[in-house]
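# Structural characterization, general
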Amino acid sequence: MNDTPPPAFPGQEPGERIDTVIRRHWLSLLRDASPALGITLLTVLAWFLPIGPDVDPAARHLIVIVLCILLIALHGYFASRLYGHFLRALVLTDRKLHHIRKTLVHRDDQRSIEFPILLNVRKHQRGIHQALLKYGSLILETPETSLTLRFVPRVDDVLAAIMAKKAETRPDPKEVLEEVKTVAEQATQA
Amino acid sequence: MNAAPILVGLLLAQCLLAGALWFLFRRKIGAIALLPVNSPLDRTVFRHFPMVMLGHAVFVALLIIVTFLFLW
């Protein structure tokens, strides 16, 4: 019988322990909600517009239909972004950093970076709102590529956690030296 | 122009869109749903997610109905 528990997220290796899970800051949703908020406000304002008998009924009907179609479309867009918010996660484990990003239809990405190959981590915090709400961007650089994470909440804590993990998983220099020596000896013998 | 068929058509479109988005979300969320959610606001929304999304769909439907009542 197989006693290995099923992975808690795509890409988790057997025995890999989850330390921290980070989702985007809630403020990222405000930008996605603004079209829906705008059309709602416009519709509510339109309710109180004084419409006289001289207004062409066909034009009025057209305005109502257009308003309702916009309401459905923009609120649908907001709902899809809200779903997308929960389909995205950054998982720090004892071995790797996993970035999971899905959308409702076309995207299903999962990127993993092992801590020892992480070359550099940069933090960007611009504007007073980012400093006050303690969020910002992180840029993770590896020898092959770089990964930009936006709207990271508690960005200083996350940066500290990643740097600590990187230091923990760094290979011992003595072991690396021994390995290099062994490889060099094997090469000379060959 | 008769308002009833247009109103029913728009409400049906709203129901179908909300239902389709929910169906796609349930298909995609999988194991990620088991991962913890950090902020208290996110946690509250995620805990009552079906009710939140149903509430949102009903809110849009009500906006449409009231718009028809006021402006048609």
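That block above? That's the structure.
So, here's what we can say about the structure. Each chain carries its own residue numbering, running from 1 in the written order of its sequence. Key to labels: chains lettered from A, ligands numbered from 1, both in the order written. Local features in a predicted model are, by the rule used here, given only for residues with pLDDT of at least 70; side-chain atom pairs are given and counted only at 80 or more, and totals for whole chains, interfaces and linings are based on all residues. With hydrogens and water excluded, all non-hydrogen atoms of the structure serve as input to the side-chain values.

Often, the extent of an interface is quoted as the loss of accessible area upon association of its parts. Contacts: residue pairs with any heavy atoms within 4.5 Å of one another. Listed per partner, the contact involves 36 residues of chain B and 48 residues of chain A. Of the roughly 3,800 Å² buried between chain B and chain A, counting both surfaces, carbon and sulfur atoms make up 76%. Here the buried area means the combined drop in accessible surface, using a 1.4 Å probe, for two parts upon being joined, counting both sides. Its largest share of buried area at the contact with chain A, chain B owes to Lys28(B), Ile32(B) and Leu71(B), together 19% of the area lost on that side. Any Lys or Arg side-chain nitrogen found within 4 Å of a carboxyl oxygen on Asp or Glu counts as a salt bridge. On the surface where chain B and chain A come into contact, there are 0 salt bridges. Think of a polar contact as two N or O atoms within 3.5 Å of one another; within protein, one of them needs to be a possible hydrogen donor and the other a possible acceptor, and neighboring residues in sequence only count if both atoms come from side chains. On inspection of chain B and its partner chain A, the count reaches 12 residue pairs in polar contact (both at pLDDT 80 or more). Helix numbers and strand numbers start at the N terminus; a helix is a DSSP run of H or I with at least 4 residues, a strand a run of E with at least 2. For the side of chain B that touches chain A, the secondary structure elements donating two or more residues are α1 (3-29), α2 (40-47) and α3 (49-71) of chain B. Ranked by residues supplied to the side of chain B that touches chain A, first place goes to α3(B) with 12 residues. Amino acids outside the nonpolar list (Ala, Val, Leu, Ile, Met, Phe, Trp, Tyr, Cys, Pro) and the charged list (Asp, Glu, Lys, Arg) are all regarded as polar, and Gly is one of them. Of the residues that constitute the side of chain B that touches chain A, the class distribution is 29 nonpolar, 5 polar and 2 charged.

Right, let's talk about the environment of Arg107(A) for a bit. Inspection of the secondary structure puts Arg107(A) in the loop between β3 (96-102) and β4 (108-114). For Arg107(A), the contacting residues outside a window of four places in its chain are Arg101(A), Lys102(A) and Lys28(B).

Okay, the pattern of salt bridges next. Residues and elements named next belong to chain A. In this structure the tally under the stated criterion is 8 salt bridges over all chains. Between Arg107 and Asp109 there is a salt bridge, and its shortest N-O distance comes to 2.9 Å. Residue Arg107 is classed as partly exposed on the basis of its relative accessible area, which comes to 26%. A relative accessible area of 33% places Asp109 in the partly exposed class. When the shortest N-O distance is used, the salt bridge between Lys123 and Asp156 registers 2.6 Å. One end of the pair, Lys123, is in strand β5 (residues 120-124); the other, Asp156, is in helix α4 (residues 155-169), with 33 residues separating them in the sequence. By relative accessible area, Lys123 is classed as partly exposed at 32%. Relative accessible area decides the class of each residue, using a 1.4 Å probe on protein chains only: under 20% of the type maximum gives buried, over 50% gives exposed, and in between gives partly exposed. Judged by relative accessible area, Asp156 falls into the partly exposed class, the value being 42%. Sharing partners across several salt bridges, the network here consists of Glu13, Arg95 and Lys96.

Each patch groups residues whose relative accessible area exceeds 30% and which form no salt bridge, using 9 Å between like charges and 5 Å between nonpolar side chains of Val, Leu, Ile, Met, Phe, Trp and Tyr. Computed with the Shrake-Rupley method and a 1.4 Å probe, the accessible areas treat only the protein chains shown as cover for residues. On the surface, Trp26(A), Ile128(A), Leu132(A), Leu133(A) and Leu41(B) cluster together into a nonpolar patch covering about 520 Å² of accessible area. Looking at the element boundaries, Trp26(A) is found in the loop between β1 (18-22) and α1 (28-47).

Residues and elements named next belong to chain A. Across the 7 residues that make up β3, a large majority, 6, are buried. Pairing geometry for strand β2 (residues 88-93) and β3, over 5 bridges, is antiparallel. Within β3, the position partnered with Arg88 by the bridge is Arg101. If DSSP finds at least two bridges between two strands, the strands pair. Connecting β2 to the antiparallel partner β3 that follows it, the hairpin turn spans 2 residues. In the sheet, β3 pairs with β4 via 7 bridges, with the strands oriented antiparallel.

Bringing the side chain of Lys102(A) into the picture now. Within the secondary structure, Lys102(A) sits in strand β3. Buried and unpaired, Lys102(A) has Asp108(A) as its nearest opposite-charge partner, separated by 4.1 Å. Separated by 3.0 Å, the side chain of Lys102(A) and the backbone oxygen of Lys28(B) make a polar contact. Apart from the residues within four sequence positions on either side, Lys102(A) is in contact with Gly84(A), Leu87(A), Arg107(A), Asp108(A), Lys28(B) and Ile32(B). Charged residues are defined here as Lys and Arg on the positive side and Asp and Glu on the negative side; His and the ends of the chain fall outside this count.

To pair, rings of Phe, Tyr and Trp, with the six-membered ring standing in for Trp, must have centres within 6.5 Å; the planes then decide the type, stacked if under 30 degrees apart, edge-to-face if over 60, and tilted in the middle. Evaluated as defined, the whole model comprises 14 aromatic pairs over all chains. Pairing Trp47(A) with Phe48(A) gives two aromatic rings, centres 6.5 Å apart and planes at 65 degrees, and the pair type is edge-to-face. What makes Trp47(A) buried here is its relative accessible area of 16%. A ring pair is formed by Phe86(A) and Phe49(B), whose centres lie 5.1 Å apart and whose planes are at 70 degrees; its orientation type is edge-to-face. Here Phe49(B) lies in helix α3 and Phe86(A) lies in helix α2 (residues 57-86), a pairing that spans two chains. Looking at Phe49(B), the relative accessible area reads 3%, which means it is buried. Taken together, the aromatic side chains of Tyr83(A), Phe86(A), Trp22(B), Phe25(B), Phe46(B) and Phe49(B) make up a single cluster linked through ring pairs. The rule for a charge over a ring is simple: NZ of Lys or CZ of Arg within 6 Å of the ring centre, and within 35 degrees of the ring normal. One Lys or Arg, Arg23(A), reaches over the ring of Phe46(B) and ends 5.7 Å from the middle of that ring.

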